[in-house]
Amino acid sequence: MSNEEDALLTALPICVFNPGPLTGAGNITWLLPGSIPTLIDAGTGDPRHLKALDEALGGARLAQVLVTHNHSDHASGVFALQEHISGVRFSKLAWLDRDSRYPVSWDPLVHEQFINTGDGILQVIHTPGHAPDHVCFWHAETRTLFGGDLAIQGTTVVIPASTGGDLGAYLTSLERVLTLRPARILPAHGPVITNPEELLRGYIRHRLEREQQILDALRTGASTVEEIVTCIYINLQESLRTMAAESVLAHLRKLEQGQQLIHNGEHWSFGGDSQ
Ligand SMILES: [Zn+2]
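These numbers were taken from a predicted model, which means no experiment stands behind them.

What counts and what doesn't
- Residues numbered from 1 in each chain as written.
- Predicted model: local features only at pLDDT ≥ 70, side-chain atom pairs only at ≥ 80, totals over all residues.
- Heavy atoms only, no water.
- Core = buried A, V, L, I, M, F, W, Y, C linked by side-chain atoms within 4.5 Å.
- Buried < 20%, exposed > 50% of the residue type's maximum accessible area, 1.4 Å probe, protein only.
- Domains from an automatic or database assignment.
- Axes fitted to C-alpha atoms, helices over the stretch in contact; angles between N-to-C directions.
- Helix = DSSP H or I, 4+ residues; strand = E, 2+ residues; numbered from the N terminus.
- Parallel < 35°, antiparallel > 145°, perpendicular 65-115°, else oblique.
- Left-handed = near helix turned anticlockwise from the far one by under 90°.
- Contact = heavy atoms within 4.5 Å.
- Nonpolar A, V, L, I, M, F, W, Y, C, P; charged D, E, K, R; others polar.
- Donors = N, O, S within 2.8 Å, 3.2 Å for Na, K, Ca; no water.
- Tetrahedral: all angles 85-135°; square planar, octahedral: opposite > 155°, others 65-115°.
- 1 Å grid on protein atoms, 1.4 Å probe; cavity = no way out; pocket = protein on both sides within 12 Å on 5 of 7 lines; lining within 4 Å.
- Points joined across faces, edges and corners; volume = space filled by probe spheres on them.
- Pairing = 2+ DSSP bridges.
- Salt bridge = Lys/Arg side-chain N within 4 Å of Asp/Glu carboxyl O.

K.L.:
For this particular structure, what's the right way to read the nonpolar core?
P.N.:
Nonpolar side chains tend to gather and get buried jointly when the protein is soluble and globular. One finds Y203, I228, V248 and L252 to be the most contacted residues of the largest nonpolar core, which totals 42 residues. A domain split of this core shows at least three residues from each of domain 1 (3-194) and domain 2 (205-270). L53, I85, F90 and W106 belong to the second-largest nonpolar core, a separate cluster that totals 19 residues.

K.L.:
Explanation requested: the packing of helix α6 (residues 196-219) against helix α7 (residues 225-232) in the structure shown.
P.N.:
Packed helices, taken two at a time, are described by the angle between their axes plus the distance between the axes. In the contact formed by α6 and α7, the axes pass within 10 Å of each other and the chain directions differ by 115°. The orientation of α6 with respect to α7, classified from their angle, is roughly perpendicular. Of the two possible hands of crossing, α6 and α7 adopt the one that is right-handed. Contacts from R210, Q213, I214, A217 and L218 in α6 reach I228, C231 and I232 in α7. Grouping the amino acids of the contact of α6 with α7 by side-chain chemistry returns six nonpolar, one polar and one charged.

K.L.:
So what exactly am I meant to see when it comes to the coordination of the zinc ion here?
P.N.:
Reference values for coordination geometry: four tetrahedral donors around a metal ideally subtend 109.5 degrees, six octahedral donors ideally subtend 90 or 180 degrees. Distances from the zinc ion to its protein donors, H69 (NE2), H71 (ND1), H130 (NE2) and D149 (OD), fall at 2.1 to 2.3 Å. Around the zinc ion sit four donor atoms, and with donor-metal-donor angles ranging over 88 to 176° the site reads as irregular. Coordination of the zinc ion draws on donor residues from a single chain, spaced H-x1-H-x58-H-x18-D in sequence. Taken as a pair, H71 in the loop between β4 (64-66) and α3 (72-75) and H130 in the loop between β8 (121-126) and β9 (135-139) lie far apart in primary sequence, 59 residues in all.

K.L.:
Sorry if this is basic, but what is going on with the environment of T117 here?
P.N.:
As for its position among the elements, T117 is in the loop between β7 (114-116) and β8. Sequence-wise, T117 and Q64 are 53 residues apart; in three dimensions their C-alpha atoms are separated by 8.6 Å. Sequence-distant contacts of T117, defined by excluding residues within four places in its chain, comprise L32, G34, S35, I36, T38, Q64 and L122.

K.L.:
Looking at this structure, how should I read the layout of surface pockets?
P.N.:
Gaps between atoms show up when a probe of the same size as a water molecule is rolled over them. One number sums up the size of the largest pocket: a volume of about 960 Å³. For the largest pocket, the lining is made up of 35 residues, of which L22, T156, V157, V158 and M243 are closest to its centre. Listing elements by their share of the lining of the largest pocket, those giving two or more residues are α3, α6 and α8 (241-257). Ranked by residue count, the leading element in the lining of the largest pocket is α8, at six residues. Here the lining of the largest pocket is built from residues that sort into 13 nonpolar, 15 polar and seven charged. Both domains that furnish three or more residues to the lining of the largest pocket are identified here as domain 1 (3-194) and domain 2 (205-270).

K.L.:
What is the right way to look at the sheet that holds strand β5 (residues 89-92) in this model?
P.N.:
Sheet strands pair via backbone hydrogen bonds, and the direction of the pair is either parallel or antiparallel. The strand order across the open sheet built from six strands is β1-β2-β3-β4-β5-β6, with neighbouring strands paired in mixed fashion. Two strands lie at the open edges of the sheet, namely β1 (12-15) and β6 (106-108), each paired on one side alone. Taken over all neighbouring pairs, the strand axes of this sheet differ in orientation by 30° on average, direction set aside. Pairing of strand β3 (residues 38-40) with β4 involves three bridges; the strand directions are parallel.

K.L.:
Which parts of the structure should I look at to understand the sheet that holds strand β10 (residues 144-148)?
P.N.:
Strand order in the open sheet formed by five strands is β7-β8-β9-β10-β11, and the pairing between neighbours is mixed. Two strands in the sheet have a free side with no partner beyond their single neighbour: β7 and β11 (184-187). Strand-to-strand twist in this sheet, taken as the mean axis angle between neighbours without regard to direction, amounts to 30°. Examined bridge by bridge, β7 and β8 share three bridges and lie antiparallel to one another.

K.L.:
Explanation requested: the pattern of salt bridges in the structure shown.
P.N.:
Where charged atoms from two side chains of opposite charge approach closely, those side chains can pair. Enumeration over the complete set of coordinates arrives at eight salt bridges. A salt bridge links K92 to D133, with the nearest nitrogen and oxygen atoms 2.7 Å apart. Separated by 41 residues along the polypeptide, K92 in strand β5 and D133 in the loop between β8 and β9 bring together distant segments of the chain. For the pair K92 and D133, one class covers both residues: buried. Between E226 and R241 there is a salt bridge, with its nearest N and O atoms 3.3 Å apart. Separated by 15 residues along the polypeptide, E226 in helix α7 and R241 in helix α8 bring together distant segments of the chain.

Shown next as structure tokens:
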């Protein structure tokens, strides 16, 4: 950021200490230490996260936690935070099927709502796709987006079709964020994204290419998720097979929503003569 933008927004990365196959080096939560100290994402409750948070707060009391979505690496730390900091408030966009997993008192967020962080205003941007309740937080003055799991530098984002993921919604969310023309994205995984437009347009291109591969696989006789995975992922490590299957299913469902495909049980095919 430039010095001028630094003066408009202070955001401190606080590590969650949960490295793993699905989280990479581990999640990052973002602290806006202003006059209404605000944490974006709750982490998982690791004592090292709480200690790092205390140090960054420097004696101030955390006022609110804004959760980007109800995946455990972002939300399960609410219990530890509630124990650790009296009176802290929690907010997220509702996901009725899931929010009972973390039964703190949630203040419901809505799309385009403004949130006062004391030293700046954030706007809620609903960005479903990776999860139905996924939101980003937009700081307009510095064109900074707190991105949650919308984008990760150097890799693509999982769309878990069996557990609320929706590829069509994800692509719409990427377009929605592109219209904001963000200068940077502060993500929940990986380094700060300084080329948002290039990365997000690359994601859209990648998904369209994958869609073509899936349509080609169907034309050559594959009809189940397993068959399509075998067809398009060459030399796939066994440990990545489940994720690949989720991705293929996400594509098939998008094509079904667009009325390009139908399915009968596990078997997918072109509807009518639309191939
Ligand atoms: Zn997630």
